[in-house]
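Residue strings, one per chain:
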Amino acid sequence: MSRIGRLPVSVPSGVDVAVDGQTVKVKGPKGELSHVVAEPITVETSDGVLEVKRPDDARTSRSLHGLTRSLINNMVLGVTDGYEKKLEIHGTGYRVLAKGSNLEFALGYSHSITVEPPAGITFVVENQTRFSVQGIDKQLVGEVAANIRKLRKPDPYKGKGVRYAGEQIRRKVGKAGK
C-alpha cells in the first residue's frame with residue numbers, strides 16, 4: 001500500500017471540494033482548481049476528509065495512487081495559502097523591473113527581455129535583483145520560475161545569472177594562469 005496514497009487529505013474550513021466522477025474541483029479563498037483523476041483511481045469525500053483509493057495492486061494503480069493524493073493535496077494547499085518561488089539575479093548590470101504586470105529583464109544581452117505572466121500567476125518585485133513568482137497552481141508556479149531561470153542560467157565560473165533564492169552554484173576554478 002502506498003504510504004502517501006493512503007493518507008487522508010484534510011479539507012480546511014472555507015474550502016469546497018466537489019467530486020464529480022473522475023473530476024475533482026477545489027474552490028477556496030484564493031481561487032479554484034480542477035483535476036481529472038486517472039482512470040483506476042477513485043476519490044471519496046466524507047465530513048471534511050478526502051480519501052484516494054485504488055481498486056487493485058496493479059503496477060499502474062500503485063504508481064497513480066500516491067501521485068493523485070499529492071496532486072489533490074497540492075490543490076487544497078494552493079487555494080488556501082498559494083505557492084511562491086523566490087528568485088534572485090547576480091551579475092553586474094543584471095536587473096529586473098516591473099512594467100505593469102510584466103517583468104522586464106536586463107541580463108547582459110543586447111536587448112531587454114519581457115516576460116508576461118500566464119493566467120493565475122503574479123510577479124512581485126522586491127528590488128532590482130530579487131523577485132518572486134506567486135500563484136495557486138504549484139506546477140504552473142514552478143514552470144514559470146524555471147522558464148525565467150532559463151533566460152540566463154547561473155554561470156559556473158562567475159556565478160552570474162538568474163537563480164532560485166538560496167540556490168548554491170557549484171563554482172569551477174577556470175584557467176590556471178602562469
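Residues numbered from 1 in each chain as written. Predicted model: local features only at pLDDT ≥ 70, side-chain atom pairs only at ≥ 80, totals over all residues. Heavy atoms only, no water.

*Asks:* Before we move on, can you summarise the overall build of the chain with the specific residues and values?
*Replies:* Counting secondary structure elements, the chain contains two helices and 13 strands. On C-alpha atoms alone, the chain measures out to a radius of gyration of 21 Å, which is more than a quarter above the 16 Å that the 2.2 N^0.38 rule sets for 178 residues. Taken along its principal axes, the extent of the C-alpha atoms in the chain is 70 × 40 × 25 Å. Counting the 178 residues in the chain, one finds 33% classified as buried. Long-range pairs, those at least 24 residues apart, make up 49% of the contacts in the chain with a sequence separation of at least 6. (Helix = DSSP H or I, 4+ residues; strand = E, 2+ residues; numbered from the N terminus. Rg over C-alpha atoms; globule rule 2.2 N^0.38 Å. Buried < 20%, exposed > 50% of the residue type's maximum accessible area, 1.4 Å probe, protein only. Contact = heavy atoms within 4.5 Å.)

*Asks:* Explain the sheet that holds strand 5 (residues 42-46) to me, and be specific about the residues and the numbers.
*Replies:* Pairing is antiparallel in the open sheet, where three strands are placed in the order 1-6-5. Strands with a single pairing partner mark the edges of an open sheet, and in this sheet they are strand 1 (9-10) and strand 5. Note that strand 5 and strand 6 (residues 49-53) share five bridges and pair antiparallel. Bridge pairing in strand 6 places Thr42 opposite Lys53. Where helix 1 (residues 59-80) meets the sheet, it contacts strand 1, strand 5 and strand 6, and its direction lies at approximately 155° from that of strand 6. (Pairing = 2+ DSSP bridges. Axes fitted to C-alpha atoms, helices over the stretch in contact; angles between N-to-C directions.)

*Asks:* Can you break down unusual backbone geometry residue by residue, with the values?
*Replies:* The phi torsion at Asp47 lies on the positive side, around 30°, for a residue other than glycine. With respect to the helices, strands and loops of the structure, Asp47 is situated in the loop between strand 5 and strand 6. A relative accessible area of 75% means that Asp47 is categorised as exposed.

*Asks:* Please provide a residue-by-residue account of helix 1, values included.
*Replies:* Between its terminal C-alpha atoms helix 1 stretches 33 Å, which fits the 32 Å expected from 22 residues at 1.5 Å a residue. Among all positions in helix 1, only Ser61, His65, Gly66, Thr68, Arg69, Ile72, Asn73, Met75, Val76, Gly78 and Val79 are buried. In the stretch just after helix 1, Gly82 is the one whose phi turns positive, near 85°. (Expected span 1.5 Å × (residues − 1).)

*Asks:* Hey, could you go over the sheet that holds strand 7 (residues 83-90) for me, with residue numbers and the actual values?
*Replies:* The antiparallel open sheet is built from four strands, whose spatial order is 11-12-7-13. Two strands close off the open sheet at either side, each with one partner strand: strand 11 (121-125) and strand 13 (161-164). Sheet twist, expressed as the mean angle between neighbouring strand axes with direction ignored, is 25°. In terms of strand pairing, strand 7 meets strand 13 through four bridges, oriented antiparallel. Each residue of the ladder has a partner; that of Glu88, found in strand 13, is Arg163. Against the sheet, helix 2 (residues 138-150) contacts strand 7, strand 11, strand 12 (130-135) and strand 13, and its axis sits at roughly 10° relative to strand 7.

*Asks:* Please set out the pattern of salt bridges residue by residue, giving values where relevant.
*Replies:* Once the charged atoms of two side chains with opposite charge are near each other, the side chains can pair. One pass over the full model with this rule turns up eight salt bridges. The network of salt bridges with shared partners includes Glu44, Glu51 and Lys53. (Salt bridge = Lys/Arg side-chain N within 4 Å of Asp/Glu carboxyl O.)

*Asks:* Tell me about the packing of aromatic side chains, and name the residues and values.
*Replies:* Under the defined criterion, the tally for this structure stands at one aromatic pair. Between the aromatic rings of Phe105 and Phe131, the centroid separation amounts to 5.4 Å while the plane-to-plane angle is 70°, which identifies the pairing as edge-to-face. Placement of Phe105 in strand 9 (residues 102-106) and of Phe131 in strand 12 is noted, with a sequence separation of 26 residues between them. Side by side, Phe105 and Phe131 carry an identical accessibility label, which is buried. Over the face of the ring belonging to Tyr164 we find Lys85, whose NZ or CZ atom lies 5.1 Å from the ring centre. Residue placement shows Arg152 over the ring face of Tyr109; its charged tip is 4.3 Å from the ring centre. (Phe/Tyr/Trp six-rings, centres within 6.5 Å; stacked < 30°, edge-to-face > 60°. Lys NZ or Arg CZ within 6 Å of the ring centre and 35° of its normal.)

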